[in-house]
Amino acid sequence: MKKWVYLAVSLGWMALIFWFSARPAGASGALSNQVADSLAGGACEVFTPAWFSQNVYANVRKWAHLYVYAALGASVMLTVRAWLPGYSVTKQGGLSLGACALYAATDELHQYFVPGRAMLLGDVGVDSLGAAVGILLVVAAMWLRKKRR
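Because the structure is a prediction, the values reported are computed rather than measured.

Trainee: With reference to specific residues and values, describe the packing of helix 5 (residues 89-112) against helix 6 (residues 121-148).
Mentor: Contact pair helix 5 / helix 6: the axes reach a minimum separation of 9 Å and the direction vectors enclose 155°. Considered as vectors, helix 5 and helix 6 are oriented roughly antiparallel to each other. In terms of crossing hand, the pair formed by helix 5 and helix 6 is right-handed. For the pair formed by helix 5 and helix 6, the contact residues are Val-89, Gly-93, Ser-96, Leu-97, Cys-100, Ala-101, Ala-104, Ala-105 and Glu-108 on the first element and Asp-123, Val-124, Asp-127, Ser-128, Ala-131, Ala-132, Ile-135, Val-139 and Met-142 on the second. Here the residues of the contact of helix 5 with helix 6 sort into twelve nonpolar, three polar and three charged.

Trainee: Now, about the packing of aromatic side chains: what can you tell me, with residues and values included?
Mentor: On inspection of all chains with the given rule, the structure shows three aromatic pairs. Pairing Tyr-112 with Phe-113 gives two aromatic rings, centres 5.1 Å apart and planes at 85°, and the pair type is edge-to-face. Taking relative accessible area as the criterion, Phe-113 reaches 62% and is therefore assigned exposed. The ring centre of Trp-83 lies 4.3 Å from the NZ or CZ of Lys-3, which sits over that ring.

Trainee: Give me the lowdown on helix 1 (residues 2-22), citing residues and values where you can.
Mentor: An ideal rise of 1.5 Å per residue puts 30 Å on 21 residues; helix 1 measures up with 30 Å between its terminal C-alpha atoms. Buried residues of helix 1: Ser-10, Met-14, Ile-17 and Ser-21, and no others. For helix 1, the angular spread of the buried residues around the axis is 60°, confining them to a single face.

Here is what the cut-offs are and how they apply
- Residues numbered from 1 in each chain as written.
- Predicted model: local features only at pLDDT ≥ 70, side-chain atom pairs only at ≥ 80, totals over all residues.
- Heavy atoms only, no water.
- Axes fitted to C-alpha atoms, helices over the stretch in contact; angles between N-to-C directions.
- Helix = DSSP H or I, 4+ residues; strand = E, 2+ residues; numbered from the N terminus.
- Parallel < 35°, antiparallel > 145°, perpendicular 65-115°, else oblique.
- Left-handed = near helix turned anticlockwise from the far one by under 90°.
- Contact = heavy atoms within 4.5 Å.
- Nonpolar A, V, L, I, M, F, W, Y, C, P; charged D, E, K, R; others polar.
- Phe/Tyr/Trp six-rings, centres within 6.5 Å; stacked < 30°, edge-to-face > 60°.
- Buried < 20%, exposed > 50% of the residue type's maximum accessible area, 1.4 Å probe, protein only.
- Lys NZ or Arg CZ within 6 Å of the ring centre and 35° of its normal.
- Expected span 1.5 Å × (residues − 1).
- Arc of directions from axis to C-beta.

Dropping the structure here:
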């Protein structure tokens, strides 16, 4: 039962990413600008580092890629662990990262067909980096859990 829940969460994240990618450039840019505006002024300004706020509009988009794919990487890692428990953690992590990188590449291909959007190899790299962070967080949590026992 648990493995089906993990699979559903991973597919849900993929659907959410697909939905964000399917938004035309104007709608996507407006959402990013709303987030950037809230970070650039008001109470969030205190928590926004200077290096980030120098180009907050571009940084919001890249960090969003990183965070969303970190969540995808973590959920895919948990899914792979549940479905392939006999595999080593290294192999599970590699399969998870490969799946996330492949999904990132197909997501960029999908964006090529969305009005005003572009297919960027750099985004595949940022997405894959985010997925790797999520996978490593799961591995670290597993290690800590094992150590506490």
